[in-house]
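# Architecture and fold: a report
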Amino acid sequence: MSGYFYRIADIDLSSGNVADYPIDHQYYRDYIGGGSLAARLFFDLVKPCIDPLSIENPLFIMTGPLVGTGFPGSSRFAVCAKSPLTGIWGESTCGGAFGVSLRKNGFDGIIIRGRASQPVVVEVFDGSITIGDATNLWGLDTYEAAQQLKEVHSDRKKLRTLTIGPAGEHRVRYASICHDRANHLGRTGMGAIMGSKNLKAIIAEGTVSLPIADEEEYKSARKTTLEAARESIVSISLNQAGTASAMEIGMMTGDIPIKNWRVGEVEELGDELGGNAIVEKILKKRKACQGCPIACKPEVKVENTKYDFGTGPGPEYETLGTFGSMLMSLDLDAISKANDLCNRLGLDSISCGATIAFIMEAREKGFYSDEQLDHLDLTWGNLDAVIELLKKISYREGFGDMAAEGSAVLAENLPEQAREFLVTIKGLELPMHDPRGFHGMGLAYMMSNRGACHLQHSVQSVEQCSVSWPEAGLEDEYTGTESEGKAKMVYISEGIGQMANAICLCHFAQWAIGLENTLAGLNAVTGFELSLEDYINIGHRSWLLKRSLNNLMGVREQDDKLPGRVLTPLDEGGTGGTIPDEALLKFEYYQIRDLDPSGIPSEPALLKADLGFLIEPLKNMNS
Amino acid sequence: MGEYYRDADQLFEIYGYFLDSVLQNDKIGPKMSKSGIIIKFIYTDPDCEITIDLKNKPEKEGYYGTFYLGPCHLKEDVWSKQSADHSHRFWHGLENPIASVTRGKVKQGGKITAMLKLLPVVRPTFGEFPVILKEMGYEDLIVKKK
């Protein structure tokens, strides 16, 4: 085997010890890397019932075999732990170049355990790891901390940083981790885990050559893949208008949630917040993750307004949704400012914006008084009040302390009726794709192992027809507003999406280059000689492992459900009059996935996926 | 020849009538005009082209843009090539625009994302197209949803 260093660093912040974790080499073949490999290590090392913010919850930072090879879209990495937001499996992935730097130190990943007695920074340089003092960084925002680290290590020109901001320090349950300003590990609160460990930052720079099984084969696969990526309409659209291009299309199809998921259409939305609006109003240039030919990231400039923040990373589609359409704001400058603050304070802009949408509706319906909201005028469209709230959340000041717990906890503390407009699954706020327009996405949200998610699978691209992968057993075209037969599509798409996450490959890149090219690259680097069927089956193994971990953490059939708000049809817009058939979708899916009525994988399903070691723990979990 | 149009004259007759209506529509027209682009639609079976100018001042009073049936002197910002049958179904709201492009049923060039602006704008016309066919006595060309 190649493609790996077979080295996972094991760092104990409590004792200060750094060692190599004795990983079973077969795990690489069985789980590949990323969140998939992290889930296996989690099973081996962690008792599922732990408190996510306790010292028993390790943080896994994992790469994949293509990371650093220059294969298009393969510079990503994953950060995983039990989530402080959801209490189940937590996983977040990110682009940029940190994963590459970690690999170039000869590590496939690192495990960080325990808790430091004072703020620390983990430094990964020249193949070794040290733990340094970060007392002087505590209290700084993510950008400031990264800048100071770059100044201290100014001799290291390719230094990559992961930093948390005040939100992570104050253990906001949806705190993010920032990687060099433009890249963020947003979902499931991994920044709070870093904060709970007194871990302010992780930095890396390295120069080690990467192991590739077949250099010639790899060069050929990379060349073909680069050509495919450049020619793809997905790449062209993303390069021209970024992820925001989905705003215009979403306005036509009804994909975009508006006003906490209760309005079907705002005619100006595409014009004001779409990809073209970004280009015309605030875009300065496009940036790319390391080695990516697509270059979809917007660098924007907002100045000479009260929302002035100069030049910096601009809002992506999801943030345009959560701070734009969801809060009824069409002010691109204000949304960009909110995005900038989320970046600096270290907040997941999806959970944060969605939580604020919940608060606005709760206020409108009389569940909160002005006094309870610290007299912030949290009315629809008022982003000035939102910007104030972001700071309060990050420092857990006043009402911000409650809001820092996320919308599900807020709803629990309000009368029962407030749950009617709570839009979470397994505690995670839904991303900005409306399952009323795409019923398969509804099922995928229900069954996603980190809570409602659009990136634990490839359903978005398959169901919206951005890709066509008949070689994987998928239909050529799907109709979004149909439920029947979607379970098979979701099942296959989960296998594909889980593999993208295991490889640490960008989903957009996989859409652009296709499955055969991805497989060719993976086989050339690892020498695994996987067929497409093997490839998807490893993805299924990953899904089943994470599901089983969630079962061990208490997830059951009743948790696989859509929130009532998205089962309420809208009168207008692209999704008008239609809702997913939740019961049918779930029934068909449970059969295909072979889950028992309580939502636990059957023994045959586990044995088929070579996960027999899970049978006894799952049997014994209630005894 | 395709399924719906017997020749380019028939296509021009129908699309001319349709565009006359759309470009004078006070709700849709201003939004189309806001895109500020020149689009050339190239059709096959029958082979012909239509250019819509949403950039320059409309030639006719009361219109929000100008359209040209057949070749014209304007240089387009974006072009879109498809079969006349595909276009016919698109204007009924029966074609997924993403699938159309990714499956190669529609080829595009130029400032592709500028076209995106128009997608949400033209969606309301999907209901109008069959109505117009009926008005013109082409009820037999109305495509029913399966």
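Keep in mind that what you see is a predicted model, and the values were worked out from it rather than measured.

## Comments concerning the overall build of chain A
On a plain count of helices and strands, chain A comes out with 25 helices and 17 strands. In terms of overall size, chain A behaves like a compact globule, its C-alpha atoms giving a radius of gyration of 22 Å where 623 residues would be expected to give roughly 25 Å. Judged by the C-alpha coordinates and their principal axes, chain A covers about 60 × 55 × 55 Å. For chain A, with 623 residues in total, the buried portion stands at 67%. Of the roughly 19900 Å² of accessible surface on chain A, a fraction of 46% belongs to carbon and sulfur atoms.

## Digging into the sheet that holds strand β9 (residues 160-163) of chain A
Residue and element names in this part refer to chain A. As summarised here, the arrangement of the six strands in space is β8-β7-β12-β9-β10-β11, forming an open sheet in which the pairing is mixed. In the strand order of this sheet, the two ends are held by β8 (128-133) and β11 (183-185), each with one partner. This sheet shows a mean twist of 20° between the axes of neighbouring strands, independent of strand direction. Bridge count between β9 and strand β10 (residues 177-179): two bridges; the pairing is antiparallel. The residue bridging T163 from the neighbouring strand is C178, located in β10.

## Observations concerning the pairing of strand β1 (residues 8-12) of chain A
Residue and element names in this part refer to chain A. Burial of β1 is extensive: four of the five residues sit out of reach of the surface. Pairing of β1 with strand β2 (residues 17-21), which is carried by five bridges, proceeds in the antiparallel orientation. Considered in β2, the bridge of D12 is made with N17.

## Examining the packing of aromatic side chains
Residues and elements named next belong to chain A. Tallied over the full model, the rule gives 24 aromatic pairs over all chains. Consider the rings of Y27 and Y31, whose centres lie 5.8 Å apart with planes at 90°: the pair is edge-to-face. A residue pair is termed a helical-turn pair when its members lie 3 or 4 positions apart in one helix, as Y27 and Y31 do in helix α1 (residues 26-31) at four residues. Residue classification places Y27 among the buried residues on the basis of a relative accessible area of 11%. Pairing F42 with F60 gives two aromatic rings, centres 6.3 Å apart and planes at 55°, and the pair type is tilted. On the criterion of sequence distance, the pair formed by F42 in helix α2 (residues 34-45) and F60 in strand β3 (residues 59-62) is long-range, its members being 18 residues apart.

## Some remarks on the environment of G427 of chain A
Residues and elements named next belong to chain A. For G427, the location among the structural elements is in the loop between β16 (424-425) and β17 (428-429). G427 gets classed as buried once you look at its relative accessible area, which sits at 17%. Put simply, G427 and I88 are 339 residues apart on the chain and 9.0 Å apart in space, counted from C-alpha to C-alpha. Excluding its chain neighbours within four sequence positions, the residues that come into contact with G427 are L85, T86 and A408.

## Here's the deal with the side chain of S176 of chain A
Residue and element names in this part refer to chain A. Residue placement: S176 occurs in the loop between α5 (166-169) and β10. At 3.2 Å, the side chain of S176 forms a polar contact with the backbone nitrogen of L347. In this view, S176 contacts I164, L185, G186, G191, G346, L347 and D348; residues no more than four positions away in its chain are not counted.

## Here we look at the pattern of salt bridges
All names here are of chain A. As enumerated under the stated definition, the model contains 51 salt bridges over all chains in all. E361 serves as the salt-bridge partner of R262, at 3.4 Å between the closest nitrogen and oxygen. A residue pair is termed long-range when its members are at least 10 positions apart, and R262 in the loop between α9 (245-253) and α10 (269-273) and E361 in helix α14 (residues 349-364) qualify at 99 residues. Residue class for E361 comes out buried when judged on its relative accessible area of 0%.

## Examining helix α23 (residues 582-593) of chain A
Residue and element names in this part refer to chain A. Taking 1.5 Å of rise per residue, the 12 residues of α23 would be expected to cover 16 Å, and the 16 Å separating its terminal C-alpha atoms lies within 8% of that figure. Those residues of α23 that sit buried are L585, K586, E588, Y589, Y590 and R593. Contact partners of the buried residues in α23: α18 (439-447), α20 (486-503), α22 (532-552) and α24 (603-608). Backbone geometry just downstream of α23 places D594 in the positive-phi region, at approximately 60°.

## Details of helix α4 (residues 142-152) of chain A
Because an α-helix packs 3.6 residues into every turn, residues spaced three or four apart end up facing the same way. Residue and element names in this part refer to chain A. By the burial criterion, the buried members of α4 are T142, Y143, A145, A146 and L149. In a view along the axis of α4, the buried residues occupy a sector of 165°, so they form one face of it. For α4, the exposed residues set more than 90 degrees away from the buried face come down to E151 and V152. Of the surrounding elements, those touching the buried residues of α4 are β7 (120-125), β9, β10, β12 (199-205), β15 (310-313) and α13 (332-345). You can read the cap of α4 off the contacts: a side-chain oxygen lies 2.9 Å from the backbone nitrogen of Y143, and it is on D141.

## Examining the domain arrangement of chain A
All names here are of chain A. Taken domain by domain, chain A consists of domain 1 (8-205), domain 2 (245-425) and domain 3 (436-561 + 581-620). One C-alpha centre belongs to domain 1, the other to domain 3, and the line joining them spans 26 Å. At the boundary of domain 1 with domain 3, total buried surface from both sides reaches about 3000 Å², with 73% on carbon and sulfur atoms. The interface formed by domain 1 and domain 3 contains one salt bridge. Between K546 and E91 there is a salt bridge whose closest N-O contact spans 2.8 Å. For the pair domain 1 and domain 3, the number of links is seven residue pairs in polar contact (both at pLDDT 80 or more). Of all the secondary-structure elements, those providing two or more residues to the side of domain 1 that touches domain 3 are α1, α2, β4 (77-82) and β5 (89-94). The element contributing the most residues to the side of domain 1 that touches domain 3 is α2, with seven residues. In terms of residue class, the side of domain 1 that touches domain 3 is made up of 17 nonpolar, 14 polar and seven charged.

Quick notes on the rules
Residue numbers restart at each chain and count upward from 1, following the sequence in its written direction. Written order determines the labels here, with chains lettered from A and ligands numbered from 1. Selection of residues for local features in this predicted model requires a pLDDT of at least 70, selection of side-chain atom pairs for listing and counting requires 80 or more, and totals for whole chains, interfaces and linings are taken over all residues. Side-chain measures were taken over the full set of non-hydrogen atoms in the model, leaving aside hydrogen atoms and water. Numbering goes from the N terminus for both helices and strands, where a helix is a DSSP run of H or I of at least four residues and a strand is a run of E of at least two. Using C-alpha atoms as the atom set, the radius of gyration is obtained and then compared with a globule rule of 2.2 Å times the number of residues to the power 0.38. Buried means the residue's accessible area, taken with a 1.4 Å probe over protein chains only, is under 20% of the maximum for its type, while exposed means over 50%, and partly exposed covers the values in between. The protein chains shown are the only cover counted for residues, whose accessible areas, like all others here, come from Shrake-Rupley with a 1.4 Å probe. Whether two strands pair comes down to DSSP finding at least two bridges between them. Working convention: axes come from line fits to C-alpha atoms, limited for helices to the stretch in contact. Angles between N-to-C directions cover 0 to 180 degrees. Only centres within 6.5 Å qualify two rings of Phe, Tyr or Trp (six-membered ring in Trp) as a pair; their planes then separate them into stacked at under 30 degrees, edge-to-face at over 60, and tilted for everything else. Contact criterion: two residues are considered in contact whenever any of their non-hydrogen atoms come within 4.5 Å of each other. Think of a polar contact as two N or O atoms within 3.5 Å of one another; within protein, one of them needs to be a possible hydrogen donor and the other a possible acceptor, and neighboring residues in sequence only count if both atoms come from side chains. Should a side-chain nitrogen of Lys or Arg be within 4 Å of a carboxyl oxygen of Asp or Glu, the pair is scored as a salt bridge. For a helix, the expected span equals 1.5 Å multiplied by the residue count minus one. Picture the helix axis, draw a direction to every C-beta atom, and the arc is the one those directions span. Domain limits in this description derive from either an automatic procedure or a database domain assignment. Note on definitions: buried area is the accessible-area loss of two parts on being combined, 1.4 Å probe, summed for both. Three classes are used: nonpolar for Ala, Val, Leu, Ile, Met, Phe, Trp, Tyr, Cys and Pro, charged for Asp, Glu, Lys and Arg, and polar for all others, with Gly counted as polar.

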